[in-house]
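Each chain is listed here by its residues.
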Amino acid sequence: MLIDSWMIAVLIAMTLCGAMGGAGLKAYATSRKKLHVLMGLGFYGTGALLNIVLLKFLPLTIVLPANALTYVWTLIIARFAFKEAVGPLRWIGVTCIMGGLCLLVF
């Protein structure tokens, strides 16, 4: 199956929304600002809607495993937004996820 570039863009946006949703809830856990929880839930909801859109055009066997990209975004957000330490094994894990996604999608 040939995947159009717009589908890849929506896949990336979907997974980024999932990671941003988690980041919003993490921010809420530390700040207790209602805006953070609303942003987190909004991003999760947007990601879910994008997931539904993608399932109309792509098989479940591509869309669901592509959600693994959310782990990559989460690691990047945790490192740069929350200043969490990310060791070399986690970066190797990200590399493995990206390699697997390339095999799956392309």
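All values reported here derive from a predicted model rather than from experimental measurement. The residue numbers shown here count from 1 along each chain, following its written sequence. With the structure being a predicted model, the display of local features is reserved for residues of pLDDT at least 70 and the display and counting of side-chain atom pairs for 80 or more, all residues being used for whole-chain, interface and lining totals. Computation of side-chain values: all heavy atoms of the structure, hydrogens and water removed.

(A) Spotlight on the pattern of salt bridges. Any carboxyl oxygen of Asp or Glu within 4 Å of a side-chain nitrogen of Lys or Arg constitutes a salt bridge here. Tallying each qualifying case throughout the model produces 1 salt bridge. Across the pair K26 and E84 runs a salt bridge whose closest N-O atoms are separated by 3.7 Å. In this pair, K26 is assigned in helix α1 (residues 5–31) and E84 in the loop between α4 (69–80) and α5 (88–105), connecting sequence segments 58 residues apart. Only DSSP runs of H or I reaching four residues or more are called helices, and only runs of E reaching two or more are called strands; each is numbered from the N terminus.

(B) Highlighting the nonpolar core. We call a set of buried Ala, Val, Leu, Ile, Met, Phe, Trp, Tyr and Cys residues a nonpolar core when their side-chain atoms join them within 4.5 Å. The cut-offs for exposure are 20% and 50% of the maximum accessible area for each residue type, with area from a 1.4 Å probe on protein chains only; residues under the lower value are buried, those over the upper are exposed, and the others partly exposed. One finds I3, L11, L54 and L58 to be the most contacted residues of the largest nonpolar core, which totals 17 residues. For this core, the elements supplying multiple residues, two or more each, are α1, α3 (60–66), α4 and α5. Excluding its chain neighbours within four sequence positions, the residues that come into contact with I3 are I8, L58, I62 and V105. Any two residues whose heavy atoms approach within 4.5 Å at even a single point are treated as in contact.

(C) Spotlight on the packing of aromatic side chains. Any two rings among Phe, Tyr and Trp, with Trp reduced to its six-membered ring, count as a pair given centres within 6.5 Å; such a pair is stacked if its planes are under 30 degrees apart, edge-to-face if over 60, and tilted if neither. In this structure the tally under the stated criterion is 1 aromatic pair. Geometrically, the ring pair formed by W6 and F57 is edge-to-face, given 5.1 Å between the ring centres and 85 degrees between the ring planes. Of this pair, W6 sits in helix α1 while F57 sits in helix α2 (residues 34–57), and the two are 51 residues apart along the sequence. Against the face of F82 rests K26, its NZ or CZ located 5.9 Å from the ring centre. Should the NZ of a Lys or the CZ of an Arg lie within 6 Å of a ring centre and within 35 degrees of the ring normal, that charge is described as sitting over the ring. Here the basic side chain of R79 rests over the ring of F80, its NZ or CZ set 5.3 Å away from the ring centre.

(D) Local environment of unusual backbone geometry. In this model, R32 sits at a positive phi of 60 degrees, which is unusual for a non-glycine residue. In this fold, R32 is placed in the loop between α1 and α2. Residue classification places R32 among the exposed residues on the basis of a relative accessible area of 57%. The backbone phi angle of K83 is positive, close to 55 degrees, even though this residue is not glycine. Tracing the backbone through its elements, the reader meets K83 in the loop between α4 and α5.

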